[in-house]
Amino acid sequence: MNIKKSFVFLILVFVFAGYVSAQYNRKFGANVDAMGGTGVVNKDIWASSYNQAGLAFIDGISAGVYFSNAFQIPEMGTKAFAFAMPLDKYGTVGVNYTYFGYELFNDTKYALNYSMRLGKRVSAGIQIDYFQTVQGLDYGKQGVAVAEIGILANPTNNLYIGAHLFNPWRAKLSELQNEYIYSMLSVGAGYRFSDKVILNIEIDKDIEFPAVYRAGIEYAVISNFFLRAGISTNPTQYNFGVGYNFKGLQLDVSFANHQVLGFYSQFGLSYMFKKTRK
């Protein structure tokens, strides 16, 4: 076996063990990343990762790709793809795929989701995930199914409130090691102060760890060009980024400075192919 690859694998397992074990559900969306991870009120294709209820608000067939190079280590890159198709009054169906790692250690998620409006101002969504972890050096692979549910409300024209629950039944990745996939409740709100400024806040609570507080802001400098910034806690992380939207094509780039592990970047590209909902 290649000695260099074996060495990298051991680094991933031991040095980053805490980071890896806590991140089975690797969320994606560079626009959300730039706003401190405040995605529970998101309403574009990236809601596929943060709160599937937001997919009920998209008007056309949409797809997106995402890449994150965590801490400038190629073996810790995350790649993702999402697709969603509105079915007019019958809701929205979608799929997404996430891959983290490389051939000696990787996590993969396959997901199928469905969302629909429960009225003019409320939507709900559900997603079924299948997680698979592969470890080299003859450690084998493990897989488990997990559910996600979410709700999104628009009580006034400028205010959105959302909630999302990941892994409500605390699925186990390994019976032998008694290893659970974490469970997370996310609650947040977003307010549009004007056509140019949006502010989001969010709280994420794992049942075993302290709450993570998030805040993010988006400012439209000119039509279709956005500046974004955000912050999150436990540990403290600062984010910023830019986005550009042109005739359904959306390009997002974001950067983050992790208090412990340093600097990394994210990239997202999405496109709305065809409007299917009036």
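In what follows, the accompanying structure is described. Quick caveat: nothing in here was measured; it's all calculated off a predicted structure.

1. A word on the overall build of the protein
Logical step 1: Within the protein one finds four helices and 16 strands.
Logical step 2: Sorting the 278 residues of the protein into buried and exposed places 48% on the buried side.
Logical step 3: Sequence separation of at least 24 residues holds for 45% of the intrachain contacts in the protein that already meet a minimum separation of 6.
Logical step 4: For the protein, the computed accessible surface area is about 13600 Å², with 65% contributed by carbon and sulfur atoms.

2. Some words on the layout of surface pockets
Logical step 1: Size it by volume and the second largest pocket reaches roughly 1000 Å³.
Logical step 2: Mapped by element, the contributors of at least two residues to the lining of the second largest pocket are helix 3 (30-34), strand 10 (184-192), strand 11 (197-206), strand 12 (212-222), strand 13 (225-232) and strand 16 (262-275).
Logical step 3: Sorting elements by how many residues they give to the lining of the second largest pocket places strand 16 first, with four residues.
Logical step 4: Its residues placed into classes, the lining of the second largest pocket shows 14 nonpolar, 13 polar and nine charged.

3. As for the side chain of Glu-202
Logical step 1: By the secondary structure assignment, Glu-202 is in strand 11.
Logical step 2: Although buried, Glu-202 forms no salt bridge, and the nearest oppositely charged side chain, Arg-214, lies 4.5 Å from it.
Logical step 3: Side-chain polar atoms of Glu-202 contact the backbone nitrogen of Gly-39, separated by 3.0 Å.
Logical step 4: Setting aside chain neighbours within four positions, we find Glu-202 in contact with Gly-37, Thr-38, Gly-39, Val-40, Ser-186, Val-187, Gly-188, Val-212, Tyr-213 and Arg-214.

4. Overview of the pattern of salt bridges
Logical step 1: Inspection of the entire model under this criterion finds six salt bridges.
Logical step 2: Among the ionic pairs, Lys-109 bridges to Glu-148, the shortest N-O distance being 3.7 Å. Of the two residues, Lys-109 is situated in strand 4 (residues 105-117) and Glu-148 in strand 6 (residues 140-156); the sequence distance between them amounts to 39 residues. The same class applies to Lys-109 and to Glu-148, which are both buried.
Logical step 3: Close ionic contact of Glu-218 with Arg-228 constitutes a salt bridge, the shortest N to O distance being 2.8 Å. One end of the pair, Glu-218, is in strand 12; the other, Arg-228, is in strand 13, and 10 residues separate them in sequence.
Logical step 4: Relative accessible area serves as the criterion here: at 6%, Arg-228 is assigned to the buried category.

Thresholds, definitions, all that
For every chain, the first residue of the written sequence is number 1, and numbering continues from 1 onward in sequence order. Totals for whole chains, interfaces and linings use every residue, but because this is a predicted model, local features are given only for residues with pLDDT of at least 70 and side-chain atom pairs only at 80 or more, for both listing and counting. Working from all heavy atoms in the structure, the side-chain values ignore hydrogens and water. Only DSSP runs of H or I covering at least 4 residues are called helices, and only runs of E covering at least 2 are called strands; the numbering of each starts at the N terminus. Relative accessibility decides the category of a residue: with a 1.4 Å probe and only protein chains considered, values under 20% of the type maximum give buried, values over 50% give exposed, and everything between is partly exposed. Contacts are residue-level and defined by heavy atoms, with any inter-residue pair within 4.5 Å sufficient. Note that accessible areas follow from Shrake-Rupley with a 1.4 Å probe, and for residues the cover is restricted to the protein chains shown. Site definitions follow a grid-based scheme: protein atoms alone, a 1 Å grid, a 1.4 Å probe that fits but cannot get out for cavities, and for pockets an open set with protein on both sides within 12 Å along at least five of seven lines, plus lining residues having an atom within 4 Å of a point. Grid points are joined across faces, edges and corners, and a volume is the space filled by probe spheres set on the points. Only Asp, Glu, Lys and Arg are considered charged, only Ala, Val, Leu, Ile, Met, Phe, Trp, Tyr, Cys and Pro nonpolar, and every remaining residue, Gly among them, polar. Positive charges come from Lys and Arg alone, negative charges from Asp and Glu alone, with His and the N- and C-terminal ends not counted. Only one rule defines a salt bridge in this text: a Lys or Arg side-chain nitrogen within 4 Å of an Asp or Glu carboxyl oxygen. We define a polar contact as two N or O atoms separated by no more than 3.5 Å, with the added condition that, inside protein, one atom must be a possible hydrogen donor and the other a possible acceptor, whereas residues neighbouring each other in sequence contribute only through side-chain atom pairs.

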